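In case you want the letters, here they are:
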Amino acid sequence: AFDVLQYIRNDLKLSPSVATYNAVLNACEYFVPHVKANKYKNNNNGDDNHDDGGGGGRINKQIYQYDDCYEVEYQRAFKTACEVLSNMRNDAASNKWAHPDSITYSSFLGICNNLLPHGELRDNMVRVMFRSCCKSGKTNLLVIRALKAAASNEVWNELVGEYPSEREFPKEWSKNCKRR
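Given the structure is predicted, the values throughout are model-derived calculations rather than measurements. (Residues numbered from 1 in each chain as written. Predicted model: local features only at pLDDT ≥ 70, side-chain atom pairs only at ≥ 80, totals over all residues. Heavy atoms only, no water.)

Below, the discussion takes up the overall build of the protein chain. Looking only at helices and strands, the protein chain has seven helices and four strands in total. Listed by position from the N terminus, the elements making up the protein chain come as α-α-β-β-β-β-α-α-α-α-α. Counting only residues that meet the buried cut, the protein chain has 39% of its 180 residues in that class. Working note: accessible area of the protein chain is about 11500 Å², and carbon and sulfur atoms make up 49% of it. (Helix = DSSP H or I, 4+ residues; strand = E, 2+ residues; numbered from the N terminus. Buried < 20%, exposed > 50% of the residue type's maximum accessible area, 1.4 Å probe, protein only. Areas by Shrake-Rupley, 256 points an atom, 1.4 Å probe, with all protein chains shown as cover.)

Attention shifts here to the packing of helix α1 (residues 2-11) against helix α2 (residues 18-29). Between α1 and α2, the least distance of the axes is 9 Å, while the angle of their chain directions is 155°. In terms of orientation, α1 and α2 fall into the roughly antiparallel class. Here α1 runs over α2; the crossing is left-handed. Note on element contacts: α2 touches α1 through Thr20, Tyr21 and Val24, opposite Phe2, Leu5, Ile8 and Arg9. Of the residues that constitute the contact of α1 with α2, the class distribution is five nonpolar, one polar and one charged. (Axes fitted to C-alpha atoms, helices over the stretch in contact; angles between N-to-C directions. Parallel < 35°, antiparallel > 145°, perpendicular 65-115°, else oblique. Left-handed = near helix turned anticlockwise from the far one by under 90°. Contact = heavy atoms within 4.5 Å. Nonpolar A, V, L, I, M, F, W, Y, C, P; charged D, E, K, R; others polar.)

Attention now moves to the nonpolar core. Ranked by internal contacts, the top residues of the largest apolar core, which has 39 residues, are Phe108, Ile111, Val126, Phe130 and Leu147. Every element with two or more residues in this core is listed here: α1, α2, α3 (69-92), α4 (102-115), α5 (120-136), α6 (141-150) and α7 (153-160). Considering each element in turn, this core owes the most residues, seven residues, to α3. (Core = buried A, V, L, I, M, F, W, Y, C linked by side-chain atoms within 4.5 Å.)

Considering only enclosed or pocket space, the second largest pocket measures out at about 240 Å³ in volume. Lining the second largest pocket are Ala1, Phe2, Val24, Ala27, Cys28, Phe31, Glu73, Arg76, Ala77 and Thr80. The greatest single-element share of the lining of the second largest pocket, amounting to four residues, is contributed by α3. Here the residues of the lining of the second largest pocket sort into seven nonpolar, one polar and two charged. (1 Å grid on protein atoms, 1.4 Å probe; cavity = no way out; pocket = protein on both sides within 12 Å on 5 of 7 lines; lining within 4 Å. Points joined across faces, edges and corners; volume = space filled by probe spheres on them.)

In structure tokens form, the structure reads like this:
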């Protein structure tokens, strides 16, 4: 998906719309790496058969451990998503159809949830994306659901903890959302 986006931008010299950017972000959000699993050998001289300790005798367990490639693939998908978002923001200056919308923000929060391990980087990315969303007035229920999934309890309380429900969020957070 990213290669097609780059082809549209660089080779065809066309400005992609927000829907095109969101499609690539969606592909990043639901990225599943195709990494070959290596069979894990326990400390029983490489023998996978071992006693389970439950009196049931020897059992054959096949345990698979992923290489470091697994994490590298997730990092690559995350970097791709960051590049797509950066391109989108750059294009938005000259293309009114490329401004991030609530789907953009919810997808990127989903990317944080699916691709980043819990920790400081994830917390910081969630903070930045949600604050940017609020500032642009694109916060809706889709974004809030993605925030709930991606944010740690600490970050959730920091960002929205003072409001008892979504109905009490500041109106400016959603001023540019379409109403049904």
